[in-house]
Each structure stands twice: as C-alpha cells, then as structure tokens.
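Descriptive analysis of the structure
Listed below, chain by chain, are the residues.
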Amino acid sequence: MSSSRSKSSILDKPLSKGKGEVSLALSDIGHDVGTRLLDLYFVRERNSKREIKLLNMLLFVKSTLWKVLFGKEADKLEHANDDERTYYIIEKDALVNKFISVPKDKGSLNCATFNAGIIEAVLTKGGFPAKVTAHWHKGTTYMVKFDDAVIARDKSLDDR
Amino acid sequence: MPRCSVIVCKNNSCIVNYVKDGNPFHTFPKDPKIKEKWINATGRDPSWFPTKNNTICSSHFEPKCFQPLKKVRRLFEWSIPTLKLRMVLMNYMGPSTSKVCFYSELDQKDSNLNSELLTLTYGALVSQMLKETENTDDVNKQLERIGYNMGVRLIEDFLARTSSNRCLEMRETADKIQQAFRLYLNMQPTVTSWSSSGDEFSLVWDQCPLSEWVEMPNNGLKYCALIPGAIRGALQMVQLDVQCWFVQDQLKGDAVTELRVKYIKRLEDAIPAGED
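Within any chain, residue numbers begin from 1 and follow the written order of that chain's sequence. Chains carry letters from A onward and ligands carry numbers from 1 onward, assigned in written order. At least 70 in pLDDT is required for a residue's local features to be given in this predicted model, at least 80 for side-chain atom pairs to be given and counted, and no such filter applies to totals for whole chains, interfaces and linings, which use all residues. Hydrogens and water are ignored here; the side-chain numbers use all heavy atoms of the structure.

**Things to note about the packing of helix H5 (residues 136-162) of chain B against helix H7 (residues 226-237) of chain B**
All names here are of chain B.
- It is the contact of H5 with H7, at a shortest axis distance of 6 Å, that shows an interaxial angle of 40°. Regarding the angle of H5 to H7, the classification is oblique. Between H5 and H7 lies a crossing of right-handed hand. Only Leu226, Pro228, Gly229, Ala230, Arg232, Gly233, Ala234, Gln236 and Met237 of H7 make contact with H5, whose side of the interface consists of Leu143, Glu144, Ile146, Gly147, Tyr148, Met150, Gly151, Val152 and Ile155.
- Classification convention: Asp, Glu, Lys, Arg as charged; Ala, Val, Leu, Ile, Met, Phe, Trp, Tyr, Cys, Pro as nonpolar; all other residues, Gly among them, as polar. Broken down by class, the residue content of the contact of H5 with H7 amounts to 11 nonpolar, 5 polar and 2 charged. To obtain an axis, a line is fitted to C-alpha atoms, over the contacting stretch when the element is a helix, and the angle between two such axes runs from 0 to 180 degrees between their N-to-C directions. Helical segments are the DSSP runs of H or I of at least four residues, strand segments are the runs of E of at least two, and each set is numbered from the N terminus. Throughout, the term roughly parallel applies to angles under 35 degrees, roughly antiparallel to angles over 145, roughly perpendicular to angles from 65 to 115, and oblique to all others. Take the far helix as your reference; a near helix turned counterclockwise from it by less than a right angle gives a left-handed crossing, and one turned clockwise gives a right-handed crossing. Contacts are residue-level and defined by heavy atoms, with any inter-residue pair within 4.5 Å sufficient.

**Description of the sheet that holds strand S2 (residues 86-91) of chain A**
Residues and elements named next belong to chain A.
- Taken in spatial order, the 4 strands make up an open sheet running S1-S2-S4-S3, and their pairing is antiparallel. Only two strands of the sheet have a single neighbouring strand rather than two, namely strand S1 (76-79) and strand S3 (130-136). Ignoring which end each strand starts from, the neighbouring axes of this sheet average 20° apart.
- Helix-sheet contacts for helix H4 (residues 54-70) involve S1, S2 and strand S4 (140-146), and the interaxial angle to S2 is about 15°.
- In this fold helix H5 (residues 113-125) packs onto S2, S3 and S4, with an angle of close to 160° to the strand it touches most, S3. Strands qualify as paired when DSSP identifies two bridges or more between them.

**Section: the pairing of S2 of chain A**
All names here are of chain A.
- Counting buried residues in S2 gives 5 out of 6 residues, a clear majority hidden from the surface.
- Pairing of S1 with S2, which is carried by 4 bridges, proceeds in the antiparallel orientation. Within the sheet, the bridge partner assigned to Lys76 lies in S2 and is Ile90.
- Where S1 folds back on S2, the antiparallel hairpin that results is connected by 6 residues.
- Where S2 lies against S4, 6 bridges are found, and the strand directions are antiparallel. Across the sheet, Ile89 pairs through a bridge with Tyr142, a residue of S4. Here the term buried applies to any residue with accessible area under 20% of the maximum for its type, exposed to any over 50%, and partly exposed to those in between, with areas from a 1.4 Å probe on protein chains only.

**A few points about the packing of helix H4 (residues 115-132) of chain B against H5 of chain B**
Residues and elements named next belong to chain B.
- Running from N to C, H4 and H5 cross one another at 140°; their axes reach a closest spacing of 9 Å. Viewed along their axes, H4 and H5 adopt a mutual orientation that is oblique. Taken as a pair, H4 and H5 cross one another with a handedness that is right-handed. For the pair formed by H4 and H5, the contact residues are Tyr122, Leu125, Val126, Met129 and Leu130 on the first element and Thr136, Val139, Gln142, Leu143 and Ile146 on the second.

**A word on the nonpolar core**
- We define a nonpolar core as any set of buried Ala, Val, Leu, Ile, Met, Phe, Trp, Tyr and Cys residues linked to one another through side-chain atoms lying within 4.5 Å. Val61, Leu65, Leu123, Tyr142 and Phe146 of chain A are the most contacted members of the largest nonpolar core, which totals 38 residues.
- Those elements that place two or more of their residues in this core are helix H3 (19-45), H4, S2, H5, S3, S4 and helix H6 (148-159) of chain A together with H4 of chain B.
- With 9 residues, the single largest contributor to this core is H4 of chain A.
- Setting aside anything within four residues of it in sequence, one finds Leu65 of chain A in contact with Tyr41, Phe60, Ile118 and Val122 of chain A.
- Within the second largest apolar cluster, 32 residues are counted, among which are Ile146, Ala174, Tyr223 and Leu240 of chain B.

**Thoughts on the packing of aromatic side chains**
- Centres within 6.5 Å make a pair out of two Phe, Tyr or Trp rings, where for Trp the six-membered ring is used; the pair is then stacked when the planes are under 30 degrees apart, edge-to-face when over 60, and tilted otherwise. Inspection of every chain in the model, using the stated rule, returns 10 aromatic pairs over all chains.
- Geometrically, the ring pair formed by Tyr122 of chain B and Tyr223 of chain B is edge-to-face, given 5.3 Å between the ring centres and 85° between the ring planes. Of this pair, Tyr122 of chain B sits in helix H4 while Tyr223 of chain B is found in the loop between strand S6 (200-205) and H7, placing the two residues 101 residues apart along the sequence.
- Judged by its relative accessible area of 6%, Tyr122 of chain B is buried.
- Taken together, Trp66, Phe70 and Tyr142 of chain A form an aromatic cluster joined through their ring pairs.
- For a Lys NZ or an Arg CZ to count as sitting over a ring, it must be within 6 Å of the ring centre and within 35 degrees of the ring normal. Lying over the aromatic face of Phe128 of chain A, Arg153 of chain A brings its terminal NZ or CZ to 5.0 Å of the ring centre.
- The ring of Trp194 of chain B carries Arg171 of chain B above its face, with NZ or CZ at 4.4 Å from the centroid.

Next comes the structure, spelled out in structure tokens:
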C-alpha cells in the first residue's frame, strides 16, 4: 500500500520524472487560475468591456492584472526587435520565486511558469491566442509569442 | 466647481476627465458613522464639517467600493476612502495628472497577496491533484502533508512577527492559533467546545478564503486538509504533538466548519540519529 501510494502521489511523481512535467503541471494550474481571473477582473475593473487591441490587452496584463494579483505592476513590457509576434513582460522579483531554492539537479525549473500559465490563459481566452514561457533574464521574463493570426488582425484594426 | 476634500488631493473638475472617468466626485454619505470616517480621511481639522457640496474624488476609493455595471460611478453605501490620503513627495507626473504623488498604508504592504489568487490557486492545485491521483484518500494525505510542511516553516515567521512566548497551557495555544488565522488567512475563527480536561478544543469558522467558490465532488475529499496539516506542523515545531481533524465542514453541507484540535503529548528534544 505505502509503496503504491508514493508512486502515485503527485508530489513525488513529476519530480522523479524530471522538470518537464513539473513545469507542465505548474503551467496547467496557472491556466486554471487565469481562465477564472479573466472574467472576474474585466467585470470588476473594466466595466465588463473586453480589450480588442493587442497592446491594450498586454497593458491590462502588465498593469491591472498584476496590480490586483501581486499588489504591484510588472516592471516592463517590451517588444522584440527581430520578431513582431514576440513581446516580453519583465518582472524583477516575481512573488512565486520568493523563498524558492531550486534543487541542483533541476536547474532550469522556474516557478514563474505558473505566472506564465496565468498570462497564457488570460490572453488566449481573451481572444489573443499565444504561447507564454518563463525565463530567467533580468529577473523573470515572460516571453509572449502570439499566433500569426492575432498580429494580422491587429494590423487590420490599425488600418481602419 | 467640485473639488476633492482630501487635504493633500489636488483633484478638481479641471483636472479630472468627466467623460473618461464617469462621475469622479462623491458627496459625503448620510450615515453618521461612515460620514465620520470620511471626515477623518480628509485629514482636515476635526472641527471641519462637510456641506452638501463637499466631495471626495474617486482616486481615494478601492475598486471594490464602486458598484459594478454602472455607467456613472456610484459607490456602495459602506465605502470608506482609504487610498492616497497622505502626501509623500512632490513630483511632477505630467501635465494631465495631479501634480502630487500619494501613498497610503494599504499601498505600502504591496507584498500582500490577493486572496482571490490564493483561492483560485489552491483550487487549481487540488483539482490537479485529483486529476493525477485516482484515490481521494491520497489527495487528502498529500494536502495534509503540504500543510504540515507549510506549518513547519510558518511557525518561525509567526514567532518572529508576534514575538510570543512559550505557551503554558492549551488555552494560550488556542489563542495563538486564532491569532495566526487572523494573520495569515485574515479570518476569525472562534475557539469553543473545550473538553473538561482542557486538552481538546474546536475552532469554528463560517468563512474561509480557501473554500470560497468551491464545488465539491462527492467522494470524501477533505478540501481544506491543508489547515489541520499546518496546525500540526507548526505546533510540532514548538514541541507540541497534536491531532487535528474536521468535525463539520461547510463544503459538505454543515452550517459551519469545525476543526477539532487535541493535545496528545509534549515532544522532547532529541538529537537526530547519527549526530552527537
């Protein structure tokens, strides 16, 4: 009984198989949370009006969402020079990386993957499908990569 | 011309954009108790009293104070201004905004986590665990273990913050636990149902940030198992061995949630095996 328990328990299982699964689980959990936050905060902070412009949506994440979640805005929002699909949201001290010591054998595990999951869910469910990953760079950097369709649509909105 | 009555606030109808912000100025409330709080918030001389034309502007209210789904901003009756009531530095922020930078006690504690984030994250964690593990008992045990690990670390923080002394009897311990609930979860459990020998008591609460918005599956899941785990872990670090279990649970249809804590024994300090 006890051996089967330790095998199937969530905490032991992913860690023993490597960091890939932990990141995946974290990002899944973030997704769950983000999905629910999206409507809550648009109703509360924005008079139930969704954003339709890409940049405004990103600013909503960077400022409003971060402010209500963590009490401070994310530090920076940057646009990649070489790729118009890619944006970076940069945060110096991510709350989820506080008090965390990453085990040596899992050097590239980043707890901010959870936040990345939140951002991804908020953007995707808000109508801007994107992939978001977390990286160690200038603190914590979330790399947001939008689908081509999103960029194309945003351009056509600009033209009008 | 409406002007904000908060003494350090320079917002008046020339600065604030009516169209963008809806109605940004709010007249003082009728309820005398709430009115008094508003007057305190202005930072004016106590002898000052508002007329029906005096207002406070929207920048001093938290977002939750505004009634949702209204075109024109309207406050709930219980709203009290809490934000940006004191001045810290003069700072030109650009021509369109007020020229003063504010802060309030609330803004300062920026490390305070949003309780909804906690609620949702905990919910997501539990549902993830349920997905990965078939057996509900395992999930309960895991949650208890996570709580235990948190408790073991949390007690250090608690002792540092409250600088409390060693408890001599369980009644003191119960008070401390109650205090910890207030500190970490912002909830107010009551301590009741002492056993005659004084070694067993109940913590009763009817609202818990962890269990909001929860739909329970009908499979014996102990959703809040984190809490008894944390109590057990924390008390173990101060040489108290206790047992903690739920007697009633709101999520299972009871009127309140009741957590029973039972003292078992005092743990003696022992040197870990292999260390002299």
